[in-house]
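Chain residues, written in single-letter form:
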Amino acid sequence: MITYPSKIFEDAVNEFARLPGIGRKSALRMVLFMLKQDVSTVQHFSETIQRLRAEIKYCNHCHNISETEICSICADNKRDKNLLCIVENVRDVIAIENTQQYRGLYHVLGGIISPLDGIGPAQLNIQSLIDKATSGQIKEVVMALATTMEGDTTVFYLYKKLHPLGVSITTIARGVSVGGEIEYADEITLGRSILNRVAYENSITK
Amino acid sequence: MLYLAHLSLLHFKNYDHLQINLHSGVNVFTGPNGLGKTNLMDAIHYLCMCKSFLSTDSANIKRGAPAAMIQGNFLQDETAFEVLCTLRKDQKKVVKLNSEEYTKLADHVGRFPIVIIAPQDQMLIYEGSDVRRRFIDSLLSQTDRVYLEKLMLYNRILQQRNALLKTGQTAYELYEFYDKQLVDAGQHIYDKRKSFFLMFKPLFLQHFLSITQTVESADIQYQTQLDSNDMKTLLAQNFERDLRSAFTNAGIHKDDILFTINEFPVKRFASQGQQKSITIALKLAQFTYISSHNKPLLILDDIYDKLDEHRLTHLMQLMQNNSFGQVFITDTHPNRVANIFNKYNTPIQSFAIDKLKS
């Protein structure tokens, strides 16, 4: 066990070491860095973290992170309220937003179905999704989930739940990546791309 | 023809370090027990299969050393290949082919095929059905990549389905999805195993007959629930039972191989000698099966003292007919194997293990 020069110092190391991917050595470096900063800088740092936890909420509609009851995306009147994109977590919202190609709303599931990890449909934001679909405002649901077995399981489950409600269900395309060479694409992806080929008129960049 | 021309070890098991040039034909290693004959065979196994046939990776590093290294130079039709396998304590093992590291070890397995006949083969008869399934799976995976992918998918879904059964939830949509995937992968695996047995059975029977030279009729049967019902029906029929027992009762994960002699199951009724004949025939059939793709190296570890006249004659005939490629033999007796090969006028390269190590 490493001994530290002070109890306060040790407590700080312990707190940093709780962060994901941070071991005791990295935590020590961070604490030493903090000690070197101005008091005001560190004050600002800790206030930011405190505010983060105290003031960030999850949007009542889509479960995205938000400072208000309804997030800025759901509150945006220019967005297409008939279009709903299903994602696993907040990181996926950020990724899709950065493409600037999507103008509909989101629904964050908070995970994907994997009984091995103790995650079943009840652990996810699925009931609120079904309620939304039942209300009749949504015309199309876009499934943007991981292309893993667990992602596919979740999509299938949601399809079974949403299809009877009369919403159209689409999934994001899977295929050869843009700028990618055919010979380097993995066999399964390439095989699917051939099977699910698209009419050239539709593939011309608009 | 494929053979291992040179082997070098560093801190592997009880070896400090070792450099040895090998013969492309028959190599015989003699010496008392406990000196490391089998460990040397295990090193060769590592080069081909990326793992030990005896123990876990960490147990193979010499005590006190930080790492073990096994390096081999293969020659195949004048082309040279260098395989390097490094084991470090608490770290992932690294396997390199011509200095290039594999990202997936599975890509290496099968590149330099190997068959090993050893006393542990008896496990194939005694142990549970998983050992016998692994025997088929490792054979099929080496020659069929799609099989391996389907098998991995099947096992993954099976785990998820069993986990779901344990939660007691009745999310029928999830079962529907898992079952669909299990049906697709399971049916594929069943078809492959079925056609594998069609090819494998005659090979096995032929070797068994040559070994025993008797009127005893042996048989090898692929036992599977899928013969009577397809995977879809099985899952549907067993669903209530699955829910009660909290695991999946039917499927290709329940497959087995049944060995019989004169229609009696070998597991319960056969003598030690009959069981030995079965396992040797099984391994020789494995050798013949893989040979149609690429002739494997053959290890005969510690079995020469246990061979009776018929088995010995059959083995030696195979040697003389050039059925084998490179062969490695270990024996405790210094001259026994050499004398046998002399009798058959087959040249060998002998190594005394205590001299190798000094």
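Fair warning: this is a prediction, and the values are worked out from it, not measured in the lab.

**So, unusual backbone geometry**
Residue and element names in this part refer to chain B.
Then, in step 1: The phi angle at aspartate 90 is positive, at roughly 60°, despite the residue not being glycine.
Then, in step 2: With respect to the secondary-structure elements, aspartate 90 resides in the loop between strand S5 (79–88) and strand S6 (94–97).
Then, in step 3: By relative accessible area, aspartate 90 is classed as exposed at 81%.

**Some points on empty space enclosed by the protein**
Residue and element names in this part refer to chain A.
Then, in step 1: Throughout the structure, instances matching the rule amount to two cavities of 30 Å³ or more.
Then, in step 2: Looking at the largest cavity, its volume works out to about 110 Å³.
Then, in step 3: Its residues assigned to classes, the lining of the largest cavity comprises six nonpolar, two polar and four charged.
Then, in step 4: In this structure, the second largest cavity encloses a volume near 40 Å³.
Then, in step 5: In this structure, the second largest cavity is lined by Met143, Leu145, Thr147, Val155, Thr171, Ile172 and Arg174.
Then, in step 6: For the lining of the second largest cavity, a count of residues per class yields four nonpolar, two polar and one charged.

**A short note on the interface of chain B and chain A**
Then, in step 1: Each partner contributes residues to the interface: chain B has 17 residues there, and chain A has 15 residues.
Then, in step 2: Both sides together, the interface formed by chain B and chain A hides about 1500 Å², and carbon and sulfur atoms give 67% of it.
Then, in step 3: When the buried surface of chain B facing chain A is broken down by residue, B:Gln160, B:Glu173 and B:Phe177 rank first, second and third, together holding 38% of it.
Then, in step 4: Between A:Lys160 and B:Glu176 there is a salt bridge, with the nearest N and O atoms lying 3.1 Å from each other.
Then, in step 5: Taken together, the connections running from chain B to chain A amount to six residue pairs in polar contact (both at pLDDT 80 or more).

**Concerning the sheet that holds strand S2 (residues 15–21) of chain B**
In sheet architecture, strand pairing relies on hydrogen bonds along the backbone and comes in two forms, parallel and antiparallel.
Residues and elements named next belong to chain B.
Then, in step 1: Strand order in this open sheet of six strands is S2-S1-S4-S5-S6-S7, and the pairing throughout is antiparallel. Of all the strands in the sheet, just S2 and strand S7 (100–101) have a single pairing partner and so form its edges.
Then, in step 2: Packed onto the sheet, helix H1 (residues 37–49) meets strand S1 (2–12), S2, strand S4 (67–76) and S5 and runs at close to 115° relative to S1.

**Topic: the side chain of B:Lys13**
All names here are of chain B.
Then, in step 1: For lysine 13, the position within the fold is in the loop between S1 and S2.
Then, in step 2: Among the residues examined, lysine 13 registers a relative accessible area of 12% and is labelled buried.
Then, in step 3: Side-chain polar atoms of lysine 13 contact the side chain of aspartate 42, separated by 2.6 Å.
Then, in step 4: If sequence neighbours within four positions are ignored, lysine 13 has contacts with Asn39, Asp42, Ser52, Leu54, Ser55, Asn60, Ile61 and Lys62.

**Details of the sheet that holds strand S11 (residues 264–265) of chain B**
All names here are of chain B.
Then, in step 1: Spatially, three strands are ordered S9-S10-S11 in an open sheet, and the strand pairing comes out antiparallel. The strands lining the two open edges of the sheet, one partner per strand, are strand S9 (218–223) and S11.
Then, in step 2: One ladder, built from two bridges, connects strand S10 (residues 256–261) with S11; its direction is antiparallel. Each residue of the ladder has a partner; that of threonine 260, found in S11, is proline 265.
Then, in step 3: Of the strands in this sheet, S9 and S10 are in contact with helix H5 (residues 172–212), which crosses S9 at around 170°.

**Examining the domain arrangement of chain A**
Then, in step 1: If you check the domain split of chain A, you get domain 1 (7–55) and domain 2 (75–205).
Then, in step 2: Computed over C-alpha atoms, the centres of domain 1 of chain A and domain 2 of chain A are 37 Å apart.

So, how was this worked out
- Residues numbered from 1 in each chain as written.
- Chains lettered and ligands numbered in written order.
- Predicted model: local features only at pLDDT ≥ 70, side-chain atom pairs only at ≥ 80, totals over all residues.
- Heavy atoms only, no water.
- Helix = DSSP H or I, 4+ residues; strand = E, 2+ residues; numbered from the N terminus.
- Buried < 20%, exposed > 50% of the residue type's maximum accessible area, 1.4 Å probe, protein only.
- 1 Å grid on protein atoms, 1.4 Å probe; cavity = no way out; pocket = protein on both sides within 12 Å on 5 of 7 lines; lining within 4 Å.
- Points joined across faces, edges and corners; volume = space filled by probe spheres on them.
- Nonpolar A, V, L, I, M, F, W, Y, C, P; charged D, E, K, R; others polar.
- Contact = heavy atoms within 4.5 Å.
- Buried area = accessible area lost by both parts, 1.4 Å probe.
- Salt bridge = Lys/Arg side-chain N within 4 Å of Asp/Glu carboxyl O.
- Polar contact = N/O pair within 3.5 Å; in protein donor to acceptor, adjacent residues only side chain to side chain.
- Pairing = 2+ DSSP bridges.
- Axes fitted to C-alpha atoms, helices over the stretch in contact; angles between N-to-C directions.
- Domains from an automatic or database assignment.

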